[in-house]
Amino acid sequence: MVDVLDKIDVRLLEELKQNSRENIASLSKKLGIPRTTVHYRIKKLLEEGIIEKFTIKPNYKKLNLGTTAFILARYDPAAGLTQREVAERISQLEWIYEVHIIAGEWDLLIKVRAPSAEDIGKIVVDKLREIKGIGQTVTMVSFVTVKEDV
């Protein structure tokens, strides 16, 4: 598996989290190491699966998806599907951004983005609750996102 990351790898990851498009020359200057070393370390982090992919962070308000909600759902085993199968079906719905199988009083945590709270309500009532294996749900609409890492 992966050896413990050194301070340079940790700093490199932090820089890439801030801006994954930053070029190797700039990263080299910031980290005080040669460009070839930066290139090698990024390649190693990718090969070891520490970096899974490079991505973007969209401005969801500008994409008309400015309303975020979190939904707690109970799994109903009487439907004949496994909890993982139910989670997979949920993940295929439009506007669903995250699906987590969780421990505790609830079984699933679902993150949704939509144009409005009304649209989130339609997702819950017309789509989510129609999936076999979904029992009770509780929806919490976010007022403001203070921190969200990619």
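Before going into details, it helps to say that this report is about the structure given with it. Keep in mind that what you see is a predicted model, and the values were worked out from it rather than measured.

### Let's talk about the overall build of the chain
Helix and strand content of the chain: five helices and four strands. Its helices and strands taken in sequence order, the chain reads α-α-α-β-α-β-β-α-β from the N to the C terminus. For 150 residues, the compact-globule estimate of 2.2 N^0.38 gives 15 Å, and the chain exceeds it by more than 25% at 20 Å. The buried share among the 150 residues of the chain stands at 30%. Sequence separation of 24 or more characterises 64% of the internal contacts of the chain that already satisfy a separation of 6 or more. Of the roughly 10,300 Å² that the chain leaves accessible, carbon and sulfur atoms contribute 52%.

### Examining the packing of aromatic side chains
Taken as a whole and judged by the stated rule, the model has one aromatic pair. A ring pair is formed by Tyr60 and Tyr97, whose centres lie 5.5 Å apart and whose planes are at 80°; its orientation type is edge-to-face. On the criterion of sequence distance, the pair formed by Tyr60 in the loop between helix H3 (35–47) and strand E1 (67–75) and Tyr97 in strand E2 (residues 96–101) is long-range, its members being 37 residues apart. Above the face of the Tyr97 ring, Arg113 is positioned so that its terminal group lies 5.3 Å from the ring centre.

### Regarding helix H1 (residues 7–18)
Between its terminal C-alpha atoms H1 stretches 17 Å, which fits the 16 Å expected from twelve residues at 1.5 Å a residue. For H1, every residue scored as buried is listed here: Asp9, Leu12, Leu13 and Leu16. Buried positions in H1, seen along its axis, are confined to an arc of 100° and lie on one side of it. The exposed residues of H1 that point more than 90 degrees off its buried face are Lys7 and Gln18. Summarising the contacts, the buried residues of H1 are in contact with helix H2 (24–31) and H3. The N-cap of H1, judged by a side-chain oxygen 3.2 Å from the amide nitrogen of Ile8 a few residues on, is Asp6.

### Some words on the side chain of Thr137
Relative to the assigned elements, Thr137 resides in strand E4 (residues 134–141). Within the structure, the side chain of Thr137 is placed 3.0 Å from the side chain of Arg129, a separation counted as a polar contact. When sequence neighbours within four positions are dropped, the list of residues in contact with Thr137 reads Ile71, Leu72, Ala73, Trp106, Val124, Leu128 and Arg129.

### Side note on the sheet that holds strand E3 (residues 108–114)
On the basis of which strands lie adjacent, the open sheet formed by four strands has the order E2-E3-E1-E4 and antiparallel pairing. Edge positions in the sheet fall to E2 and E4, since each of these pairs with one other strand and no more. Within this sheet the neighbouring strands show an average axis-to-axis angle of 20°, counted without direction. In this sheet, E4 lies alongside E1 in antiparallel orientation, the contact comprising six bridges. In the sheet register, Ala69 faces E4, and the bridge partner there is Val141. Packing against the sheet, helix H4 (residues 83–91) makes contact with E1, E2, E3 and E4, and its axis sits at approximately 170° to E2.

The rules behind these values
- Residues numbered from 1 in each chain as written.
- Predicted model: local features only at pLDDT ≥ 70, side-chain atom pairs only at ≥ 80, totals over all residues.
- Heavy atoms only, no water.
- Helix = DSSP H or I, 4+ residues; strand = E, 2+ residues; numbered from the N terminus.
- Rg over C-alpha atoms; globule rule 2.2 N^0.38 Å.
- Buried < 20%, exposed > 50% of the residue type's maximum accessible area, 1.4 Å probe, protein only.
- Contact = heavy atoms within 4.5 Å.
- Areas by Shrake-Rupley, 256 points an atom, 1.4 Å probe, with all protein chains shown as cover.
- Phe/Tyr/Trp six-rings, centres within 6.5 Å; stacked < 30°, edge-to-face > 60°.
- Lys NZ or Arg CZ within 6 Å of the ring centre and 35° of its normal.
- Expected span 1.5 Å × (residues − 1).
- Arc of directions from axis to C-beta.
- Polar contact = N/O pair within 3.5 Å; in protein donor to acceptor, adjacent residues only side chain to side chain.
- Pairing = 2+ DSSP bridges.
- Axes fitted to C-alpha atoms, helices over the stretch in contact; angles between N-to-C directions.

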